[in-house]
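Understanding the architecture of this molecule
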Amino acid sequence: MDNRTRAFIEKSTLLFIASRNVDGAMDVSPRGGQPSVLRFRADGALLMPDYVGNKRLDTIGNVLANPDVALLLLNRLSNDYLRINARAIVSQAEDDLAAFPADENPPLSVIVLQPTKMEFVASKAFHRSGFWVDASGLKPTLDVLDIYARDIKWQTDGGREPVLFDPGSESHLAGSGLRAFYGTPSPMVQKKVYDTAGPGFMSFIDDARFIVFAHEGAGGEILIDLAGGAPLRADRNTNAPSLLLDIEHEGTAGPAAPHSSPFAIIAAEPGRCDNIRVNGTYREVCTTPDGQRRLSLQSEEIYFHCSAALTRSRIWMDARPAAWSGKRSFTCVSRRQESPDVVSLTFSPRDRAPVGSAEPGQFVTVSLPHDNAKTPRRRCYSISSVPTDRELRISARRIGDNGVSALLHDRVKIGDEVFLGPPGGQFVFNSPPLKPVVLVSAGVGITPLLPMAEQLAREEPGREIWFVHAARNGRHHLFGPEALELANSNPGISLLTVYSRPDDDDTFHHEGRLDASALARHVPVTKADFYICGPDAFMSSLRDGLIELGTPPAAIRMEAFEQSGGGGFALSEAQMNLPPSVVSFTRSDRQATWTPECGSLLDLALANDIEVQFSCRSGECQSCSQKIISGGVIYPSGEEPLIARGQVLLCQAIPKNDLVLDC
């Protein structure tokens, strides 16, 4: 495997996998994952996790019967895709499962793929379908349950019966033990598939202009193509209900495409995570003047596919990759007292997956498995050094004797388990190359700035960097030796120390409170970017003073330890007209009525004295994630968060209907 192929796989968060059952019936399914949908095994095999879902297990059932599969991998904003043919097995081996984070959404099994052929394909389908929308083009998920309810009535009134799951694949699933392990699908899942499109399906199909087309080649191999532009539409020239598809084979697939074959399709609307699936057989009708083949598709199965794969992929979001989802189990491997009230703790994941990427300046949420509080507490702590593959460090200031910080200081020892949420936060380094940078911290506010300084120290010389730290005195000066080591490694870094109440033997640059005028004596306030972290009053005063001295407001970035205000939660006009909903908080044994004036579910909970955890209010820290027992929610931003299935971010959501929460 060359470097381009490996890099493409490592960056891919969305793929489509085609498989077929023992009778040759085709299937294609989307899979999404963060920070990559596939992982590499040491022997070169590719690992694809299978998470809890709708329990149909189409792909797994097919692989048990027939190991030949084909995959199509996408990279965000790339008009090339990677086509892979492989042989697959289903594994629940501990080593294969351990390649993925042991978080709140662990894989139940892993499909192990041994590639037999790989091919990059330059495709016109992305442009023709308008697939690459940005975040402003995201569309809310459909109310699929409502569509099903109406379509099933239409199907029943027409005397049609649902198409049940393939008995041969079901037999393989039962024999392997996977059916018992995954559980039986719900009646809705078992009966949602028909051979004819209902009106709800057809109302969506015109917008589903991005089409993944899986079919057999002339030699019996599985081929997978993309089509884009013209949607599926009814074929009026057949007696049996059929759909027309225009397809232009790209890459090496064209010459091997027969005139008739089993097929499977995933059709998606750019910007929407819901997608539709059609399986059946096709026959070629004609070749269009522009060289496309026109196929008539006779459907045998047609239904909405689960939206979780595209949601998890975040394919239309310019977002940092998520290292894991929800709480993940780590072990404390070292601890160091940095000052009388600050301790650093280093954690290593208990699984074999790497820590994953974290931008300098981001934080993680920390919770403890044996917290005796009525509601398990979660608190945000900045990552205080650039993580390695196996280690991540936080530094916590003790606040009182009853909080999470006290537990970290007094009770977490080497070898103990902790839970960490995925890295989050928008306070990250993003200055242009060579622009002067000033990192300004007070007290424990140095923790998000230290990884920024570490990253800057690794740059080629040429940028001017000032690392400014304000503390009470030398005994409370955090990470002094580390900062000095970074300055010694890069001649562009200058250290500036400010002590408000220095001891007699302290060495420093400025005595007293740090303000803008003192800073201006050392740094170019009109030319530099500033990254500031510390107490609110310190940051606000410094920001106002810098602006008075000519610093552009856009050049000042600040990080608050904890937001206590609203967070800019806004509803659209349609959402402001939603009817009231009853929200039940089961563990608190309370009910409250939500109306649009209440704001988010977090606002509703706090207004009714429900004890729930929260911190950032921006959806980044995931502290307010809670389990949904029944009902549904709406995210007014239109952006589905990457959290464990069955959970809701209270700070970002409103109820869709009456809602029951486990809090």
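Residues numbered from 1 in each chain as written. Predicted model: local features only at pLDDT ≥ 70, side-chain atom pairs only at ≥ 80, totals over all residues. Heavy atoms only, no water.

1. Side note on the packing of aromatic side chains
Evaluation of the coordinates by the stated rule reveals 17 aromatic pairs. For the pair Trp324 and Phe330, a centre-to-centre distance of 5.5 Å together with 50° between the ring planes defines the contact as tilted. This pair shows no difference in class: Trp324 is buried, exactly as Phe330 is. Clustering of aromatic rings is evident, with ring pairs tying together Phe126, Phe131, Trp132, Phe210 and Trp316. Here the basic side chain of Arg4 rests over the ring of Phe120, its NZ or CZ set 3.6 Å away from the ring centre. Above the ring of Trp154, the side-chain terminus of Arg160 is found at 4.3 Å from the ring centroid. (Phe/Tyr/Trp six-rings, centres within 6.5 Å; stacked < 30°, edge-to-face > 60°. Buried < 20%, exposed > 50% of the residue type's maximum accessible area, 1.4 Å probe, protein only. Lys NZ or Arg CZ within 6 Å of the ring centre and 35° of its normal.)

2. A short note on the sheet that holds strand 26 (residues 556-559)
Taken together, six strands build an open sheet; the order of strands is 24-23-22-21-25-26 and the sheet is parallel. At either end of the open sheet lies a strand with only one pairing partner, and these are strand 24 (510-511) and strand 26. Bridging between strand 21 (residues 437-442) and strand 22 (residues 465-471) involves six bridges; their strand directions are parallel. Paired with Leu439 across the bridge in strand 22 is Phe467. (Pairing = 2+ DSSP bridges. Helix = DSSP H or I, 4+ residues; strand = E, 2+ residues; numbered from the N terminus.)

3. As for the nonpolar core
Counting 28 residues, the largest nonpolar core has Phe213, Leu232, Leu245, Ile265, Ile276, Leu297 and Phe304 as the members making the most contacts within it. Elements supplying a minimum of two residues to this core: helix 5 (144-157), helix 9 (199-205), strand 8 (210-216), strand 11 (242-247), strand 12 (260-268), strand 13 (275-287) and strand 14 (293-305). In terms of residue count, strand 14 provides more of this core than any other element does, five residues in total. Apart from the residues lying within four places of it in its own chain, the contact partners of Leu245 are Ile211, Phe213, Ala227, Leu232, Arg233, Ile265, Arg293, Arg294, Leu295 and Leu297. Residues Ala18, Met26, Val28 and Ala125 belong to the second largest nonpolar core, which totals 27 residues. (Core = buried A, V, L, I, M, F, W, Y, C linked by side-chain atoms within 4.5 Å. Contact = heavy atoms within 4.5 Å.)

4. Section: helix 5
The end-to-end C-alpha distance of helix 5, which contains 14 residues, comes to 20 Å, matching closely the 20 Å that a straight helix rising 1.5 Å per residue would cover. Among all positions in helix 5, only Val144, Ile147, Tyr148, Asp151 and Gln155 are buried. One side of helix 5 carries all its buried residues, which in axial view fall inside an arc of 95°. Turned more than 90 degrees away from the buried face of helix 5 sit Leu145, Lys153 and Asp157, all of them exposed. Of the surrounding elements, those touching the buried residues of helix 5 are helix 8 (187-191), helix 9 and strand 14. (Expected span 1.5 Å × (residues − 1). Arc of directions from axis to C-beta.)

5. Focus on helix 12 (residues 446-457)
For helix 12, with twelve residues, the first-to-last C-alpha span of 16 Å sits near the 16 Å given by 1.5 Å per residue. When you tally the buried positions in helix 12, you get eleven out of twelve residues, the bulk of the element. Of the residues making up helix 12, those classed as buried are Ile446, Thr447, Pro448, Leu449, Leu450, Pro451, Met452, Ala453, Glu454, Leu456 and Ala457.

6. Looking at the environment of Trp466
Relative to the assigned elements, Trp466 resides in strand 22. Taking C-alpha positions, Trp466 is 14 Å from Ile556, a pair spaced 90 residues apart along the chain. Once residues within four sequence positions are removed from consideration, Trp466 is found in contact with Pro436, Val437, Val438, Leu439, Ser494, His522, Val523 and Pro524.

7. Re the environment of Ser78
Considering the arrangement of structural elements, one finds Ser78 in the loop between strand 5 (68-74) and strand 6 (80-91). On the basis of relative accessible area, Ser78 is assigned to the buried category, the value being 18%. Placed 44 residues apart in sequence, Ser78 and Ala122 show a C-alpha to C-alpha distance of 9.1 Å. Not counting residues within four places of it along the chain, the set of residues in contact with Ser78 comprises Phe8, Phe126 and Trp132.

8. A word on the sheet that holds strand 3 (residues 39-40)
Taken together, seven strands build an open sheet; the order of strands is 2-1-5-6-7-4-3 and the sheet is antiparallel. In the strand order of this sheet, the two ends are held by strand 2 (26-32) and strand 3, each with one partner. Contacts between helix 1 (residues 3-11) and the sheet are confined to strand 3, strand 4 (46-50), strand 5, strand 6 and strand 7 (109-122), with strand 6 contributing the most and set at about 75° to the helix. (Axes fitted to C-alpha atoms, helices over the stretch in contact; angles between N-to-C directions.)

9. Here we look at the side chain of His510
Within the secondary structure, His510 is located in strand 24. A residue is classified by how much of its surface remains accessible, and His510, at 18% relative accessible area, is buried.

10. Description of the packing of helix 2 (residues 58-65) against helix 6 (residues 167-176)
Look at helix 2 against helix 6: their axes get within 8 Å of each other, and the N-to-C directions meet at 85°. On the basis of the axis angle, helix 2 is roughly perpendicular to helix 6. Residues Ile60, Gly61, Asn62, Leu64 and Ala65 of helix 2 touch helix 6, and the partners they reach there are Ser169, His172, Leu173 and Ser176. In terms of residue class, the contact of helix 2 with helix 6 is made up of four nonpolar, five polar and no charged. (Parallel < 35°, antiparallel > 145°, perpendicular 65-115°, else oblique. Nonpolar A, V, L, I, M, F, W, Y, C, P; charged D, E, K, R; others polar.)

11. Some remarks on the side chain of Asn275
Along the chain, Asn275 turns up in strand 13. Relative accessible area serves as the criterion here: at 0%, Asn275 is assigned to the buried category. Of note is the side chain of Asn275, whose polar atom sits 3.1 Å from the backbone oxygen of Cys273. Setting aside chain neighbours within four positions, we find Asn275 in contact with Pro30, Phe204, Ile266, Ala267, Ala268, Tyr303, Phe304, His305, Cys306, Ser307 and Leu310. (Polar contact = N/O pair within 3.5 Å; in protein donor to acceptor, adjacent residues only side chain to side chain.)

12. Quick notes on the pairing of strand 8
When you tally the buried positions in strand 8, you get seven out of seven residues, the bulk of the element. A two-sided burial pattern is seen for strand 8, the buried positions comprising Phe210, Val212, Ala214 and Glu216 on one face and Ile211, Phe213 and His215 on the other. Across seven bridges, the pairing between strand 8 and strand 9 (residues 222-228) is antiparallel. From the neighbouring strand, Glu216 faces strand 9, where its bridge partner is Ile222.

Geometric descriptors of this kind do not, in isolation, establish any biological role.
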